[in-house]
Amino acid sequence: MSTAPFSVPSVAVAAPARRLPRLEVSLSILLAVSIALIFWSQQRYPALLKKLHAGSGVKVAGTISFDALMKVTPEMPVAEQVARTSVNWIYTNRFGMYFALPFGAALMTLFAGAMVPKRFDSAAGNVLCGAVAGAPMGVCTNCATPVAQSMIVGGASTRMTLAAMISSPTMNPVVVAMAFVLFPLHIALWRIAVPLVLLACVPLLVAENKRKILSMGSFEEQPSLGARLGKFAQRYLRNFAKLTLMTLPWMLLAAVLGATMAVVIPAYGTHLPVSVIGVIGVAIVGTLLPVPMALDVALAFVLYRAGAPAAYVVALLCTLGPVSVYSLSAMSQLIGKKAGMRLAGAVAGLGVVAGLSVMWWG
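Predicted, not measured: the structure shown is a model, and the values here were computed from it. (Residues numbered from 1 in each chain as written. Predicted model: local features only at pLDDT ≥ 70, side-chain atom pairs only at ≥ 80, totals over all residues. Heavy atoms only, no water.)

1. What about the side chain of Ser150?
Along the chain, the position of Ser150 falls in helix α5 (residues 141-153). On the basis of relative accessible area, Ser150 is assigned to the buried category, the value being 0%. Here the side chain of Ser150 touches Gly104 through a polar contact of 3.5 Å, landing on its backbone oxygen. For Ser150, the side chain forms a polar contact with the main-chain oxygen of Val147, separated by 2.7 Å. Apart from the residues within four sequence positions on either side, Ser150 is in contact with Gly104, Leu107, Met108, Phe111 and Leu243. (Helix = DSSP H or I, 4+ residues; strand = E, 2+ residues; numbered from the N terminus. Buried < 20%, exposed > 50% of the residue type's maximum accessible area, 1.4 Å probe, protein only. Polar contact = N/O pair within 3.5 Å; in protein donor to acceptor, adjacent residues only side chain to side chain. Contact = heavy atoms within 4.5 Å.)

2. Re the nonpolar core
The biggest cluster of nonpolar side chains holds 107 residues, and the ones touching the most others in it are Phe99, Phe103, Val147, Phe183, Leu198, Val297 and Leu343. Counting residues per element, this core draws most heavily on helix α3 (residues 94-111), at 11 residues. For Val297, the residues in contact, after removing those within four places along its chain, are Val175, Met178, Ala179, Leu182, Phe183, Arg191 and Leu317. (Core = buried A, V, L, I, M, F, W, Y, C linked by side-chain atoms within 4.5 Å.)

3. Side note on a nonpolar patch on the surface
A surface patch of nonpolar side chains, amounting to about 670 Å² of accessible area, comprises Val276, Ile277, Ile280, Ile284, Trp360 and Trp361. Elements supplying a minimum of two residues to the nonpolar patch: α10 (276-288) and α14 (337-361). Among the elements that line the nonpolar patch, the one with the most residues is α10, at four residues. Topologically, Ile284 is positioned in helix α10. (Patch = residues over 30% accessible without salt bridge, like charges linked within 9 Å, V, L, I, M, F, W, Y side chains within 5 Å. Areas by Shrake-Rupley, 256 points an atom, 1.4 Å probe, with all protein chains shown as cover. Salt bridge = Lys/Arg side-chain N within 4 Å of Asp/Glu carboxyl O.)

4. Some points on the side chain of Ser327
Within the secondary structure layout, Ser327 lies in helix α13 (residues 325-335). Within the structure, Ser327 has its side chain in polar contact with the side chain of Thr141 (distance 3.3 Å). Polar side-chain contacts of Ser327 include one of 2.9 Å to the backbone nitrogen of Ser324.

5. Things to note about helix α11 (residues 295-305)
With respect to burial, α11 is a largely interior element, eight of its 11 residues being buried. Listed in full, the buried residues belonging to α11 are Leu295, Asp296, Val297, Ala298, Leu299, Ala300, Phe301 and Leu303. Contacts made by the buried residues of α11 are with α7 (173-182), α8 (185-205) and α12 (310-319). A positive phi of about 100° marks Gly307, the residue just after α11.

6. As for unusual backbone geometry
The phi torsion at Ala294 lies on the positive side, around 75°, for a residue other than glycine. Assignment of secondary structure puts Ala294 in the loop between α10 and α11.

7. Details of the state of the cysteines
Inspection of every chain in the model, using the stated rule, returns zero disulfides. The structure places no disulfide on Cys140, whose sulfur is separated from the nearest cysteine sulfur, that of Cys143, by 3.8 Å. (Disulfide = S-S within 2.5 Å.)

8. Brief notes about the environment of Leu48
Here Leu48 shows up in helix α1 (residues 22-54). The class for Leu48 is buried, based on a relative accessible area of 1%. Aside from chain neighbours lying at most four places away, what touches Leu48 is Asn172, Val174, Val175, Met293 and Ala294.

9. Description of the pattern of salt bridges
Under the criterion given, the structure shown has two salt bridges. In this structure, Glu80 engages Arg84 in a salt bridge whose closest nitrogen and oxygen atoms are separated by 3.0 Å. Within this pair, Glu80 and its partner Arg84 are both found in helix α2 (residues 78-92), separated by four residues, close to a single helical turn. You can call Glu80 partly exposed: its relative accessible area is 30%. A salt bridge links Asp296 to Arg191; the shortest N-O distance between them is 3.1 Å. You can see Asp296 sitting in helix α11 and its partner Arg191 sitting in helix α8, a full 105 residues away along the chain. Of the two residues, Asp296 and Arg191, neither departs from the other in class, the shared state being buried.

10. Quick word on the packing of α13 against α14
Interhelical geometry of α13 versus α14 gives an angle of 135° and a closest axis separation of 7 Å. Put simply, α13 runs oblique to α14. Two packed elements cross with a definite hand, and for α13 against α14 that hand is right-handed. Contact residues: α13 offers Leu328, Ser332 and Ile335, while α14 offers Lys337, Ala339, Gly340, Leu343 and Ala344. Of the residues contributing to the contact of α13 with α14, the split by class is five nonpolar, two polar and one charged. (Axes fitted to C-alpha atoms, helices over the stretch in contact; angles between N-to-C directions. Parallel < 35°, antiparallel > 145°, perpendicular 65-115°, else oblique. Left-handed = near helix turned anticlockwise from the far one by under 90°. Nonpolar A, V, L, I, M, F, W, Y, C, P; charged D, E, K, R; others polar.)

Set out below in structure tokens:
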């Protein structure tokens, strides 16, 4: 884009010489839809609705996780606390990754030669489409990252993909309903306003990538149905392995960094006197912490109920969901480090604005 003030690195994806036959296209779509429906119906939405119905009785077992597979106590050495908290975080995120990796691999298989992901000519159209598509997806920013990686590698719009990744944890209707159930109206409204402003800023944060061009040929006919199915399975498993290798190192790093921050910074700095510096610090921590789906609302409510200053609670409520150290690090490899820093700065900055507004005006 010659008119953009910055550019995003083009993703080098070799265009195949021929399109996939209709059978392989149908299998890719069927696989993606089946994975999504099983995840939504058997795990994610029952779990989210359970948290919603719990209301003020919602519980957070781990420091940065709903579940606590391993017990963590302040008496333990710091290294042991970090290790156990990391395990608890990975354990809580397991269902999201069970969905994200196979679903992302199905999209990679589909986009590899079957079709070009749709996009709009306008930035607003791409952001709106991504936001609408991401809201019901029901995964946190950490688990949305592998899906976003597969979409960009497949040639999807950068802005559409980023909007979907932000919208999934922040604009999900069940999580939004939780915020309005648990918090006073003036706090819950910030939980809606900040993601909306962030989505509106996406065209300013990242440039659009180039369209992916596919040739219009067709594959040579395979000798048998079995051979075609075998070839499809090989392609899917190869994409699954590739996406796992792209994801796993960053996920493990995020677990350790997030656990370290949670252990070293007690209660996310809420014991400090309320101040501008304190709000800025809390917003930065919230931007980087990798938390599971809906934990932003639940954790903020636990702190609010425990008497933490409202300014800190709002700063956390607005920054814990959209991004994390994991999603920022992994996505920066595709959208560029400067774009990743702009995104992190925008989330932290909006959290600071929300926190200071509550501190000064209530």
